[in-house]
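Structure assessment
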Amino acid sequence: MRLQLQTWGEVERYLETFTTAIMPIGSTEQHGPNGLIGTDAVTSEEIAYAVGELTNTMVAPTISVGMAQHHMAFKGSMTLRPSTMISVIGDYVDSLAHHGFERFYFINGHGGNSATIEAAFQEIYTAHTMHGSGNEPSVRCTLRNWWTGSEMRPLIKKLFGDKDGMHATISEVSVTQHLFPEQIKDGTMGPPEPFKSRWTDAADYRAKFPDGRIGSHPDLATPEAGKQVFDLAVKQIAEEVAAFGEK
Ligand code: NI
């Protein structure tokens, strides 16, 4: 159930019974030699749409650009400043809370967003704590990285062994190949640069990871593996969204 495909009347009827919104959030950034720039945005968005269908939950518009300054030495990458992103998340939540939504389930596609999303949640709670009347709907936010979960890590291990990596992973590239088979790119590449240390700014990242990957072998990605990863993410997250709405 996508918010953007409803009428205002349909949203009004939804809010008579439900208060949960699914919030897809990702990033628009380089994903190595064969990964799509929008990987983190389109994966979280498509998982959110599928979870929304399964659980009859409203899915808000995707926040498609995230915190990706360290990828800016690669063409096509875009970033928000952390402070901008905190404001964007706050305005998305406040807009929907204004209408009566209370539960915000963020499905995130980009690890680099996590700290900023958590900071945004604290800004939202602080505003309620410091300025709320005490009678307002209680806004509750939660963050779920789609590639985690009790069953997901074992599946990724089974499919890809220790080759999945940290960025431009086989699993995320596989999910995009499942979702957009017409966009599968040539996967010819050598082994990844060995991981020596974490990065700071964009120039430092590019110097350490010249083709954009971190420790991954995305030339091993397949749409079939992507379907397994996608289906499991949707199943697990749907169970969690259903429980989240009942709290
Ligand atoms: Ni990614």
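Residues numbered from 1 in each chain as written. Predicted model: local features only at pLDDT ≥ 70, side-chain atom pairs only at ≥ 80, totals over all residues. Heavy atoms only, no water.

**Topic: the overall build of the protein chain**
When helices and strands are counted, the protein chain shows eight helices and four strands. When the elements of the protein chain are put in sequence order from the N terminus, they spell out α-β-α-β-α-β-α-β-α-α-α-α. Its C-alpha radius of gyration of 19 Å places the protein chain within 12% of the 18 Å reference for a compact globule of 247 residues. When its C-alpha atoms are laid out on the principal axes, the protein chain stretches across 60 × 35 × 30 Å. A total of 247 residues make up the protein chain; the buried ones form 47% of that total. Nonlocal contacts in the protein chain, meaning residues at least 24 apart in sequence, comprise 78% of its contacts between residues at least 6 apart. With an accessible surface of roughly 11,800 Å², the protein chain has 54% of that area assigned to carbon and sulfur atoms. Taking the average place of the 20 positive charges on the side chains of the protein chain and the average place of its 30 negative ones, the gap between the two points comes to 6 Å. (Helix = DSSP H or I, 4+ residues; strand = E, 2+ residues; numbered from the N terminus. Rg over C-alpha atoms; globule rule 2.2 N^0.38 Å. Buried < 20%, exposed > 50% of the residue type's maximum accessible area, 1.4 Å probe, protein only. Contact = heavy atoms within 4.5 Å. Areas by Shrake-Rupley, 256 points an atom, 1.4 Å probe, with all protein chains shown as cover. Lys, Arg positive; Asp, Glu negative; His and termini not counted. Charge placed at Lys NZ, Arg CZ, Asp CG, Glu CD.)

**Examining the coordination of the nickel ion**
For the nickel ion, every protein donor is listed as His31 (NE2), Asp40 (OD) and Glu172 (OE), and the spread of their distances is 1.9 to 2.1 Å. All donors to the nickel ion come from one chain, and their sequence spacing reads H-x8-D-x131-E. (Donors = N, O, S within 2.8 Å, 3.2 Å for Na, K, Ca; no water.)

**Examining the pairing of strand 3 (residues 103–108)**
Judged by how many residues are buried, strand 3 sits mostly within the fold: six of six residues are covered. Of the two faces of strand 3, the one lined by Arg103, Tyr105 and Ile107 and the one lined by Phe104, Phe106 and Asn108 are each fully buried. Pairing of strand 3 with strand 4 (residues 140–145), which is carried by six bridges, proceeds in the parallel orientation. Along strand 4, the bridge assignment pairs Phe106 with Leu143. (Pairing = 2+ DSSP bridges.)

**Here's the deal with the sheet that holds strand 1 (residues 20–25)**
Taking strand neighbours across the sheet as the criterion, the four strands line up as 2-1-3-4 in an open arrangement whose pairing is parallel. Both outer strands of the open sheet, strand 2 (58–59) and strand 4, are each paired with one neighbouring strand and no more.

**Some thoughts on unusual backbone geometry**
Phi angles above zero are rare outside glycine, and Asn56 is one such case at about 55°. You can see Asn56 is positioned in the loop between helix 2 (39–55) and strand 2. Positioned with a positive phi, Ala168 is a non-glycine residue whose angle comes to about 55°.

**Examining the packing of helix 3 (residues 82–99) against helix 4 (residues 114–131)**
Look at helix 3 against helix 4: their axes get within 9 Å of each other, and the N-to-C directions meet at 55°. Comparing the axis directions of helix 3 and helix 4 gives the class oblique. When the axes of helix 3 and helix 4 are compared, the crossing they make is right-handed. For the pair formed by helix 3 and helix 4, the contact residues are Pro82, Met85, Ile86, Ile89, Gly90 and Val93 on the first element and Thr116, Ile117, Ala119, Ala120, Glu123 and Ile124 on the second. (Axes fitted to C-alpha atoms, helices over the stretch in contact; angles between N-to-C directions. Parallel < 35°, antiparallel > 145°, perpendicular 65-115°, else oblique. Left-handed = near helix turned anticlockwise from the far one by under 90°.)

**Here we look at the layout of surface pockets**
Think of a ball as big as a water molecule: rolled over the atoms, this probe shows where empty space is left. Within this model, the largest pocket holds a volume of roughly 450 Å³. Taken together, 23 residues form the lining of the largest pocket, with Gly111, Gly112, Trp147, Met166 and His167 sitting closest to its centre. Looking at side-chain class alone, the lining of the largest pocket contains six nonpolar, 11 polar and six charged residues. The volume enclosed by the second largest pocket comes to roughly 160 Å³. Forming the walls of the second largest pocket are Tyr14, Thr17, Phe18, Thr19, Thr20, Thr55, Asn56, Thr57, Val241, Ala242, Gly245 and Glu246. Elements with a minimum of two residues in the lining of the second largest pocket: helix 1 (8–17) and helix 8 (223–246). Per element, the largest residue contribution to the lining of the second largest pocket is four residues, and it comes from helix 8. When grouped by side-chain class, the residues that make up the lining of the second largest pocket number four nonpolar, seven polar and one charged. (1 Å grid on protein atoms, 1.4 Å probe; cavity = no way out; pocket = protein on both sides within 12 Å on 5 of 7 lines; lining within 4 Å. Points joined across faces, edges and corners; volume = space filled by probe spheres on them. Nonpolar A, V, L, I, M, F, W, Y, C, P; charged D, E, K, R; others polar.)

Keep in mind these numbers describe shape, not what the thing actually does.
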